[in-house]
Amino acid sequence: MKLIDELRSLDRNNIGGWSASVKAFFTVLLFLLVLFFGWYMYISDQQDSLDQLVSKEQSLKQEFIKQQAKAVNLEALQQQLDEMQDMLRQLLRQLPSKTEMPELLVDISQTALSAGLEVELFQPGSEAPKDFYAERPINLKLIGTYHQFGTFISGVASLPRVVILTMHDVSLTPEKADTGGAPASGQLVLQGTVKTYRYLEDDESGETKPSGKAKAGGRK
């Protein structure tokens, strides 16, 4: 009770005149306040860290569930991968081989002639090896009608070996008459570069020696 009476009668302008018990009370109170705020700031930082760890824990759990599902299906996925690789090898084997490529180029040229196209240029370029196949560009210039070009494409598709032809910088324009620059009746000119492909043999190192060029011009 004495301390309470002293607190009520404190002279705030004369702190030095306070009794020892009052000074001790405020000293303990200040220490407790400092301790409380220090503890609060520490706990606040720890709470932020805890929230981050909880969020990370949830992410890790989700990643674990995904990886666990993959692990459970790993054998089935590996089997599917092996089957896809087998299918890829079978498809590649359907492409022309190295020894068949020269004959294939002749077949393509002859197919164009059989379709009634005028072959002004048919010039295979150097072979370029890729990861598991090799591509060979062919510079060509063909003249004919829509129907003849359709017959040519159909003929290439019916060749014994699977033939893939991709077009690069190819243009299809009406043929100009010799005089006056007027379009020739029904005739079109296909000019540019196409690429054909073959598979690389097992004993090939990934580099294929360039082959010679063949050219067929002016045949009808």
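Note that the structure is predicted; figures quoted are calculated from it, not measured.

The rules behind these values
Residues numbered from 1 in each chain as written. Predicted model: local features only at pLDDT ≥ 70, side-chain atom pairs only at ≥ 80, totals over all residues. Heavy atoms only, no water. Helix = DSSP H or I, 4+ residues; strand = E, 2+ residues; numbered from the N terminus. Buried < 20%, exposed > 50% of the residue type's maximum accessible area, 1.4 Å probe, protein only. Contact = heavy atoms within 4.5 Å. Areas by Shrake-Rupley, 256 points an atom, 1.4 Å probe, with all protein chains shown as cover. Polar contact = N/O pair within 3.5 Å; in protein donor to acceptor, adjacent residues only side chain to side chain. Expected span 1.5 Å × (residues − 1). Arc of directions from axis to C-beta. Axes fitted to C-alpha atoms, helices over the stretch in contact; angles between N-to-C directions. Left-handed = near helix turned anticlockwise from the far one by under 90°. Nonpolar A, V, L, I, M, F, W, Y, C, P; charged D, E, K, R; others polar.

**Concerning the overall build of the protein**
Link 1 in the chain: In terms of helices and strands, the protein carries five helices and five strands.
Link 2 in the chain: Mapped in sequence order, the helices and strands of the protein form the string α-α-α-α-β-β-β-α-β-β.
Link 3 in the chain: Taking all 220 residues of the protein together, the buried fraction comes to 24%.
Link 4 in the chain: At a minimum sequence separation of 6, the contacts of the protein that also span at least 24 residues come to 64%.
Link 5 in the chain: Accessible surface, the protein: about 15,700 Å² in total, of which carbon and sulfur atoms supply 58%.

**Thoughts on the side chain of Lys195**
Link 1 in the chain: The residue Lys195 is located in strand E5 (residues 183–199) in this model.
Link 2 in the chain: Separated by 3.2 Å, the side chains of Lys195 and Glu135 make a polar contact.
Link 3 in the chain: The contacts of Lys195, once residues within four sequence positions are left out, are Glu135, Arg136, Pro137, Ile164, Leu165, Thr166 and His168.

**So, helix H5 (residues 146–157)**
Link 1 in the chain: For H5, spanning 12 residues, the distance from its first C-alpha to its last is 17 Å, which sits close to the expected 16 Å at 1.5 Å a residue.
Link 2 in the chain: When we look at burial in H5, the residues that qualify are Gln148, Phe149, Phe152, Gly155 and Val156. The arc that holds the buried residues of H5, viewed along the axis, is 120 degrees, so those residues lie on one side. Of the exposed residues in H5, the ones pointing more than 90 degrees away from its buried face are Tyr146, His147, Ile153 and Ala157.

**Some details on the packing of helix H4 (residues 101–114) against H5**
Link 1 in the chain: Remark: H4 packs on H5, axes separated minimally by 8 Å, with the N-to-C direction vectors making an angle of 145 degrees. For H4 against H5, the interelement crossing comes out right-handed. Judged by residue contacts, Ile108, Thr111 and Ala112 of H4 engage Phe152, Gly155 and Val156 from H5.
Link 2 in the chain: Residues that form the contact of H4 with H5 fall into these classes: four nonpolar, two polar and no charged.

**Overview of the environment of Ala128**
Link 1 in the chain: Within the element layout of this structure, Ala128 appears in strand E2 (residues 128–129).
Link 2 in the chain: Residue Ala128 is classed as partly exposed on the basis of its relative accessible area, which comes to 26%.
Link 3 in the chain: Leave out the neighbours within four places in its chain, and Ala128 touches Tyr133, Ala134 and Glu135.

**Some words on the environment of Pro124**
Link 1 in the chain: Relative to the elements of secondary structure, Pro124 occurs in strand E1 (residues 118–124).
Link 2 in the chain: Under the relative-accessibility criterion, Pro124 is labelled buried at 1%.
Link 3 in the chain: Spatially, the C-alpha atom of Pro124 lies 9.6 Å from that of Thr196, the residues being 72 residues apart in sequence.

In short, shape yes, function no, at least from these values alone.
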